[in-house]
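# Breakdown of the fold
Listed below are the residues making up each chain.
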Amino acid sequence: MNTLLVFSPVFVSRIFILVFMALVSALPAAEAANPPAWKVGTASVVITPEKKLWMAGYAFRNKPAEGKDQDLFAKALAFEDEQGTRLVLVTADLSAISRALRTGVEQKVKAAHGLPREALLLNASHTHSGPMVRAASARPEVQRDTAEYAAALEDKVVRIIGEALKNLAPANVTWNQARAGFAMNRRLPTPKGFVNEPNPDGPVDHQVPVLRVESPDGQLRAALFGYACHNTTMRGYVWGGDYAGYAQQYLQEHRKDFTAHFLMGCGGDQNPYPRMTGDTPMMTEIDNARSHGRTLANAVEVALRVPRRPITGPLLLAYESVQLDYADGRPPADYPVQVIKFGSSFTLVALASEAVVDYSLRLKRELAGDTAVWVAAYCNDILGYIPSQRVLREGGYEATAGWAESVEEKIITKVHQLHRQLQPPAPKNP
Ligand SMILES: [Zn+2]
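Since we're looking at a predicted model, the values are computed, not measured.

Helices and strands together make up the secondary structure of the protein chain, namely nine helices and 19 strands. Its C-alpha atoms give the protein chain a radius of gyration of 24 Å, within 12% of the compact-globule value 22 Å for 430 residues. When its C-alpha atoms are laid out on the principal axes, the protein chain stretches across 95 × 50 × 50 Å. The buried share of the protein chain, taken over its 430 residues, is 47%. Restricting the contact set of the protein chain to residue pairs at least 6 apart, pairs at least 24 apart contribute 78%.

Quick look at the domain arrangement of the protein chain now. For the protein chain, the domain assignment lists domain 1 (32-310) and domain 2 (315-421). Computed over C-alpha atoms only, the centres of domain 1 and domain 2 are separated by 19 Å. Every contact between the two is made by 39 residues of domain 1 and, on the other side, 36 residues of domain 2. Those elements that provide at least two residues to the side of domain 1 that touches domain 2 are helix 3 (99-113), strand 4 (120-124), strand 8 (193-196), strand 11 (259-264) and strand 13 (309-310).

Another aspect to go through is the nonpolar core. Within the largest apolar cluster, 120 residues are counted, with the highest numbers of intra-cluster contacts made by Val 88, Val 300 and Leu 351. Mapping this core onto the domain boundaries places at least three of its residues in each of domain 1 (32-310) and domain 2 (315-421). The residues contacting Val 88, other than those within four sequence positions of it, are Ala 76, Ala 78, Leu 115, Ala 119, Leu 120, Ile 161, Ala 164 and Leu 165.

Angle between the axes and distance between the axes: these two values describe a pair of packed helices. Axis separation between helix 5 (residues 242-253) and helix 6 (residues 285-305) bottoms out at 7 Å; the angle between their running directions is 50°. The pairing of helix 5 with helix 6 is recorded here as oblique in orientation. Here the hand of the crossing between helix 5 and helix 6 comes out right-handed. Across the interface between the two elements, Asp 242, Tyr 243, Gly 245, Tyr 246, Ala 247, Tyr 250 and Leu 251 from helix 5 touch Ala 289, Arg 290, His 292, Gly 293, Arg 294, Leu 296, Ala 297 and Val 300 from helix 6. Along the lines of polarity and charge, the residues of the contact of helix 5 with helix 6 split into nine nonpolar, three polar and three charged.

The topology assignment puts Asn 199 in the loop between strand 8 and strand 9 (207-214). Taking the C-alpha atoms as reference points, Asn 199 and Ala 404, separated by 205 residues in sequence, lie 25 Å from one another. If near-sequence neighbours (up to four positions away) are discounted, Asn 199 is found in contact with Met 184, Asn 185, Arg 186, Arg 187 and Leu 188.

Our focus in this paragraph is the environment of Ser 388. By the element assignment, Ser 388 lies in the loop between strand 19 (385-386) and helix 8 (389-394). For Ser 388 and Thr 347, which are 41 residues apart along the polypeptide, the C-alpha to C-alpha distance reads 21 Å. For Ser 388, the contacting residues outside a window of four places in its chain are Val 356, Asp 358, Tyr 359 and Glu 408.

As a further point, take the sheet that holds strand 14 (residues 315-324). The strand order across the open sheet formed by four strands is 14-15-16-18, and the pairing between neighbours is mixed. Of all strands in the sheet, those with a lone pairing partner are strand 14 and strand 18 (372-376), marking the two edges. On average, each strand axis in the sheet is tilted by 15° relative to the strand beside it, whichever way the strands run. Both strand 15 (residues 333-342) and strand 16 (residues 346-351) contribute to a ladder of six bridges, which runs antiparallel. Within strand 16, the position partnered with Lys 341 by the bridge is Thr 347. Helix 7 (residues 357-367) rests against strand 16 and strand 18 of the sheet, and its axis sits at about 155° to strand 18. Against the sheet, helix 9 (residues 407-421) makes contact with strand 14, strand 15 and strand 16, and its axis sits at roughly 155° relative to strand 14, the strand it touches most.

Cut-offs and rules
Residues numbered from 1 in each chain as written. Predicted model: local features only at pLDDT ≥ 70, side-chain atom pairs only at ≥ 80, totals over all residues. Helix = DSSP H or I, 4+ residues; strand = E, 2+ residues; numbered from the N terminus. Rg over C-alpha atoms; globule rule 2.2 N^0.38 Å. Buried ≥ 20, exposed ≤ 12 C-beta atoms within 10 Å, placed from the backbone. Contact = placed C-beta atoms within 7 Å. Domains from an automatic or database assignment. Core = buried A, V, L, I, M, F, W, Y, C linked by C-beta atoms within 7 Å. Axes fitted to C-alpha atoms, helices over the stretch in contact; angles between N-to-C directions. Parallel < 35°, antiparallel > 145°, perpendicular 65-115°, else oblique. Left-handed = near helix turned anticlockwise from the far one by under 90°. Nonpolar A, V, L, I, M, F, W, Y, C, P; charged D, E, K, R; others polar. Pairing = 2+ DSSP bridges.

Given below as structure tokens:
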């Protein structure tokens, strides 16, 4: 005779509750949040020049580009919080974001989508294998082709911002970080002063911060990742995104409906090593760019796998300029500073131009607390190198733009002012 096991209803309900609690506690925090707190949209476009343009980055080049290693891209990543506040980050395989590009795009997306200035961030990867967006030669055909490219680029960036906003869809946003070690300080002290050579003892920022965007069904849709290092592995005459271009390609090539966005950090005094052909026996500069790209992509893959830290709203946005003085009394320059807070969970500081690594190390230290801090440079405008007070006093290549010693304190003070001003609303009483 078979023996039937009979459990009392109370016992069964207790077992059910225990199993349910075990399942819920096994879920990562972000996935337990239901419904998703964010809407996220992406779009991208190829911006590889079709005509023979001159390349940006190295003064020794004496002819236009002769082909391509990789396509260049501009990519838009749009966020909308639960209150409907929006933010669009545009990353691009370009040497720099010119004031003209920033102003043109800003005006058009304000008119078309009501996107305010503080809700728009433009970042260049600082690839030295991208096009000049200002003509390098007085020859009329160079002037014409460069102007034509700059106008088409502006239209493309405006278009992908519109597409990313149109594609906004519910998403969970989390972050974490990993590390990559190929960036090295490039300010070597010698008896003759600081020279542009690898310095293994100089300051670096090897952090690889990663924002992870996932659809409610768990599908990975986008990753925004950063690194503080010049994209100067390559110096030939072919278009390419350098290590950042390869890192994005490697992350995307085995995923469907996914975009990887590279946000350049404070790499003003950082180079990838080895770089160029001949630095490594048997390896070309393209091999070296691929190798660094793989290293960075691997760091991002790890950051995508480790426990996810939830990013919560609301979005709090500020964009203001600070006047930077020159040592020789020239009129001061307008320097834009942008601070973006994702509630009290995450802060993104966007500095302009070629800020050296001291800025990210200092701001991460000073703004540290409960909040994760990410410091990008090469955003919104280009005014040459932005040295710290230390670099200015030491001299060398990154200290030649003629800034007054007050530059670092003025920028840091503005960041702190905007950071304090952006206070998340106090939690409501239950
Ligand atoms: Zn540079």
